[in-house]
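Topology and contacts: notes
So you can see what is in the structure, the chains are spelled out below.
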Amino acid sequence: MTMASANGWRRHLPLINAFIRYGVLIGVGFLMLYPLFWMIGGAFKNNHEIFASPGFIPSHPTMDGFTKGWKTSTEYTFATYLLNTMKIVIPKVILTVISSVIVAYGFARFAIPGRKLLFALLMATVLLPKSVLLIPQYLMFREFGWLDTYLPLYIPQAFAVEGFFVFLIIQFMRSLPVDMEEAAVMDGCNSFQVLTLIVCPVILPAIISVALFQFMWSMNDFLQPLIYLSSVEKYPVALALKMSIDVTEATSWNEILAMSVIALAPSLILFFVAQKYFVEGVTSGAVKG
Amino acid sequence: MNTSSVILDQVTKSFNGHDVIKGVSLEVKKGELVVFVGPSGCGKSTLLRLIAGLETPTSGKIEIAGENVTYAHPSKRGVAMVFQSYALYPHMTVEDNIGFALRIKGMPRAEIKLKVRAVAETLQLGHLLHRLPKALSGGQRQRVAIGRAMVREPDVFLFDEPLSNLDASLRGQMRVEIAGLHARLGATSVYVTHDQVEAMTLADKIVVLNGGRIEQAGPPMELYRRPANLFVATFIGSPGMNILPVKLAGAERDRVTVTTAQGPITLPRVNARVVAGAEASLGLRPESLSLTTAGKGQLSGYVNLIERLGGETFAYVALKGFDAPPVIVRLDGEAELRIHDEVHLAIDGQRTHLFSADGLALGHAPDVKAAS
Amino acid sequence: MSGASIYASRRAGSLYIAPFAIGFLLFTAFPFVASFILSLTDARLQDQLGDAHFIGWHNYAGMWGDATFRKSLGVTFFYVFVTVPLKLAFALLIAVVLNFKLRGIGLFRTAFYLPSILGGSVAIAVVWRFVFASDGLVNQFLHGAGFGGINWLGEPSTAMFSIILLRLWQFGSAMVVFLAGLKAIPEDLYEAADLDGASRLRQFWMITLPLLTPVLFFNFIMQIVQAFQEFNGPYIITGGGPMKSTYLLPLMIYEEAFKYFNLGYSSALSWVLFVIIALFTALAFWSQRFWVFYAQERDNKGGH
């Protein structure tokens, strides 16, 4: 057994391994993030430079893109659109969290008639292609007179229509021992008090995950505002951005990039601050479920 | 053909600058079952993993069956391991689990089947070959883990606390089975445990480890009768040895006198190097103390607590004047005794132990045929 | 399911899930049935519903003869069959590379995950259009390297490529799930395999992959359902063109309803999409028992 020659080499195996891994990760990572770097850099360039070179560091950084882009080529500034977005997203998130927690509590703890069937229906809504519901929902909201308002965008959230979030919270609740809740009942709480005073604080990480995900999804939502909103003054950022690339031919791309950066800024900041919750939210659904 | 299966020569291991193994040298003879035992963190599992090749030593040499395997790949050392968690492949049947290594080696299917079946028969797993691990009980899974090691016919078997995941009654059963298996196969084995009962009952040789160093190595009875230091003395044996603080008075050729809170005691002792006036520890195992009448015993005290186990009784006696916890005395199951009784204890001189202030044994009792 | 008697009240439980029950009926069940009924009519968006006529299977029958539909169906299938395997494979690969005790793992995980958070947004789609424009980022690189530029968004053959790339760029969410699955595999299985003499590659094939199948299954289903419903990217970057080469079904459904006002036809299209997705999902679920291994521990310390 000629082990002598193999001895020294094998010691360095972990090092070679790490080297290759880092190489791959850095390479792929750089390629992946380049469009983002370029976008941010381009927002600070003047229009000509964007098309001049693929480098992302501006040679003469300027705030031109931002100041002009903010005014937009419409009668409203970007501030209006940002505000509109918040008017949609914030109610959506709040209603989602409340309804998801309440419904999840029902599923996770109570002996409800037809529980299995209802749970199956909940799971079905996760996989259901939403495009098949689009038109009838539109017609329904038209009947209500809710077209060109924000109501169709967030009212449904009050009814826990996003099965994925309910599922997330159910899983979290199931992993909690019932003891604390039993103790609270003996201390005189009714079930709602148990939910708000005892359970909610403990499942806070899950609630935060739900809130963050819904925030992100709502920020990115395009189709819903597209079909329900017709007045430009009510447009959220998503529609305003689309409009900006439709409208002009000789587009000032640096302005568009600047506005794109602003559009993504809330999501970016939130992501960096609360990464942990994003990751745990996705994985707890997958690995435990 | 050498008679040693495993030789460790000045092996050290550091993790991030922290020394876990501080220079260990030992020999495992062919056919021996050697047990590494010690408290948590003593390095016994690390030592096993070094032998297995799952870690490489920072310095030192490891030889298995005459070959230098210090940096060899685990699969090329002639070792097989039974993991604490069994590490059974959950998606493979018992048959596939046991035969996995043979399949990797490229053995023909028919031959694998024969060997696997033979091993399964020996371990009474024959009727479970097509089951998945999740459908097996703890004891059955453990036997599959053993079978997986056996089928490879290694030079050395390695066991990493194999019984610690089982409940108490099953543990006793499996201990007997492992002992029986070793007797039948005569395979060289290194066995790690924190349970000194397993160590005492299974080992041909025990290696007591503490803080990365060997405290003492030898046959179980030698460690029991002649512990080399306080650590081994108190680690081996259950209930543990009673330790009393004493002062050395003087020594003659075959005896030593110590002064205690209850007066002087003379013990038969050979080869003891005594410095008069020095602090020392007197070690008395529960079975070396017995009840006697006033005036005939060397120690007296009051009964604190009585534990009756049916076949034997342990009495906790607070000795008068001693600044020490109560001594445990082993008595017959029928012993008539009550709490707060005053008792007098006689010491069996042949079964005493004396340790210097550094914890090292001072000489030894004269009679014993030293187990070797 | 708790055994506590405090939760035995069925009435209270029903109250808690009432929002879901109502919401399901109102926003899911009812529209679901309604869209099927609509698909059997010639309803127009600008008219009152009452003006619509029942035309039976006419919408569905007409589909196959509709060249646009055939094209749309084709590109949709192409899109799904290309992006789903590629995205999963890449996500798994990077997860395996990342599954190591390296310093700065969190940093890389963030870097790869970020695109999938932002990727569905209009902003990114706008940037993507820019990146692949004739004078955009990619062509600038090609020029710099000495090649000629490619008319990415103008040529039918390459437009789809840019859309596909956008989806692949967002592999982060799948990767994160794979990572969690990888970490759930006990280390000592690999050690035992080391002792048994299996090479790294063999270990990946015979231990890692089989034990990852539940996670793989989850990711597979999620990716298929999402891929079939892709809208933002194609709509904003290429508008479905050039020559309908990126005209995915969701785009066609949208345009038929809100641009051409054919509610009936659009509903029929959406039902066809639904049936396709349902079939794939059902197939995947049925196939589980052949390739997905679920490890459920029997909590067992006693017994012989």
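Here goes a summary of the coordinates provided. Treat the numbers as computed from the prediction; the structure is a model and nothing was measured.

Brief notes about unusual backbone geometry
Both trends apply: most residues other than glycine have a negative phi, and most peptide bonds are in trans. Pro239(B) follows Ser238(B) through a cis peptide bond whose omega is 0°. Here Pro239(B) is to be found in the loop between helix 8 (230–235) and strand 11 (242–251). Backbone geometry at Lys244(C) places phi at a positive 60°, although glycine is not the residue there. Structurally, Lys244(C) is set in the loop between helix 11 (232–237) and helix 12 (249–258).

Quick notes on the interface of chain C and chain A
Listed as interface residues are 79 residues of chain C and, on the opposing side, 76 residues of chain A. When residues of the side of chain C that touches chain A are assigned to their parent elements, the largest contribution, 18 residues, is made by helix 1 (residues 10–38) of chain C. For the side of chain C that touches chain A, the class distribution of residues is 57 nonpolar, 19 polar and 3 charged.

As for the environment of Cys189(A)
Residue and element names in this part refer to chain A. Assignment of secondary structure puts Cys189 in the loop between helix 10 (179–186) and helix 11 (191–202). The class for Cys189 is partly exposed, based on 17 C-beta atoms found within 10 Å. Aside from chain neighbours lying at most four places away, what touches Cys189 is Ala184, Val194 and Leu197.

Side note on the sheet that holds strand 9 (residues 205–210) of chain B
Consider a sheet: its strands pair through backbone hydrogen bonds, and that pairing is either parallel or antiparallel. All names here are of chain B. Here we have 6 strands laid out as an open sheet, ordered 6-7-8-3-9-10, and mixed in their pairing. A strand with exactly one partner marks an edge of an open sheet, and here the two such strands are strand 6 (79–82) and strand 10 (213–218). Here the average twist between neighbouring strands, direction ignored, is 20°. In this sheet, strand 9 lies alongside strand 3 (residues 33–37) in parallel orientation, the contact comprising 4 bridges. The residue of strand 9 that forms the bridge with Val34 is Lys205.

Observations regarding the packing of helix 5 (residues 78–109) of chain A against helix 9 (residues 163–174) of chain A
Packed helix pairs are characterised by how far apart their axes lie and by the angle those axes make with each other. All names here are of chain A. The interhelical angle for the contact between helix 5 and helix 9, taken along N-to-C directions, is 50°, at an axis separation of 8 Å. One element, helix 5, and the other, helix 9, form an angle in the oblique class. Between helix 5 and helix 9 the crossing geometry is right-handed. Mapping the contact onto sequence places Thr96, Ser100, Val101, Val103, Ala104, Tyr105, Phe107 and Ala108 in helix 5 and Phe165, Val166, Ile169, Ile170, Met173 and Arg174 in helix 9.

A short note on the sheet that holds strand 18 (residues 327–332) of chain B
Residues and elements named next belong to chain B. The 5 strands lie next to each other as 15-19-16-17-18, forming an open sheet whose pairing is antiparallel. Only two strands of the sheet have a single partner each, and these edge strands are strand 15 (289–292) and strand 18. With strand direction ignored, the average angle separating the axes of adjacent strands in the sheet is 50°.

What counts and what doesn't
Residues numbered from 1 in each chain as written. Chains lettered and ligands numbered in written order. Predicted model: local features only at pLDDT ≥ 70, side-chain atom pairs only at ≥ 80, totals over all residues. Helix = DSSP H or I, 4+ residues; strand = E, 2+ residues; numbered from the N terminus. Contact = placed C-beta atoms within 7 Å. Nonpolar A, V, L, I, M, F, W, Y, C, P; charged D, E, K, R; others polar. Buried ≥ 20, exposed ≤ 12 C-beta atoms within 10 Å, placed from the backbone. Pairing = 2+ DSSP bridges. Axes fitted to C-alpha atoms, helices over the stretch in contact; angles between N-to-C directions. Parallel < 35°, antiparallel > 145°, perpendicular 65-115°, else oblique. Left-handed = near helix turned anticlockwise from the far one by under 90°.

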